[in-house]
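Breakdown of the fold
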Amino acid sequence: HLDAALMQFDVWGGSKKQAREVAATIAAVVDQLAGTAGVDGYITGTSPGSVRYVPDETFTPQRPRYVVDAIVYARPN
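Residues numbered from 1 in each chain as written. Predicted model: local features only at pLDDT ≥ 70, side-chain atom pairs only at ≥ 80, totals over all residues. Heavy atoms only, no water.

1. A short note on the overall build of the protein chain
Spelled out, the test is: To qualify as a helix, a DSSP run of H or I must reach at least 4 residues; to qualify as a strand, a run of E must reach at least 2; elements of each kind are numbered from the N terminus. Based on C-alpha atoms, the radius of gyration is set beside the globule rule, defined as 2.2 Å times the residue count to the power 0.38.
Secondary structure summary: the protein chain contains one helix and three strands in total. Secondary structure elements of the protein chain occur, N-terminal to C-terminal, as β-α-β-β. For 77 residues, the compact-globule formula gives about 11 Å, and the C-alpha radius of gyration of the protein chain, at 15 Å, lies well above that figure. Across its three principal directions, the C-alpha atoms of the protein chain cover 50 × 20 × 20 Å.

2. As for the sheet that holds strand β1 (residues 3-12)
Inclusion rule: Any two strands with at least two DSSP bridges between them are considered paired. The angle between two axes is taken between their N-to-C directions and runs from 0 to 180 degrees, where each axis is a line fitted to C-alpha atoms and a helix contributes only its stretch in contact.
Sheet architecture is open: three strands sit in the order β1-β3-β2, paired in antiparallel fashion. Where the open sheet ends on each side, the last strands, each with one partner, are β1 and β2 (41-53). Ignoring strand direction, the axes of neighbouring strands in this sheet form an average angle of 20°. When β1 meets strand β3 (residues 65-76), the two strands line up antiparallel, connected through 10 bridges. The partner of Q8 across the bridge, within β3, is D69.

3. Remarks on the nonpolar core
Stated formally: We call a set of buried Ala, Val, Leu, Ile, Met, Phe, Trp, Tyr and Cys residues a nonpolar core when their side-chain atoms join them within 4.5 Å. For the exposure calls, accessible area comes from a 1.4 Å probe over protein chains only, and a residue counts as buried if that area is under 20% of its type's maximum, exposed if over 50%, partly exposed in between. Working rule for contacts: check all heavy atoms of both residues, and any pair within 4.5 Å makes them a contact.
Membership of the largest hydrophobic core is limited to six residues, which are V11, A19, A23, A27, Y66 and V68. Only α1 (16-31) and β3 provide two or more residues apiece to this core. The dominant element in this core, judged by the number of residues it contributes, is α1, at three residues. When neighbours within four sequence positions are excluded, A23 is seen to be in contact with V11, V51, Y66 and V68.

Next comes the structure, spelled out in structure tokens:
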């Protein structure tokens, strides 16, 4: 059987540029996961989603934050 996991990564940085760089790295790594195997399963594919800038307003002043969405498809070994 095939399973799909929707994953969300929230990335904060010291600056907007730093947060964006980390978010872009996460998106690139998720894109490269297809074909990797672990102890219990195999990643058959990935679907990197959006990378959105969503400042964290719970801080004063606001802190830079990016949100990265991705879907990871896997099956058991």
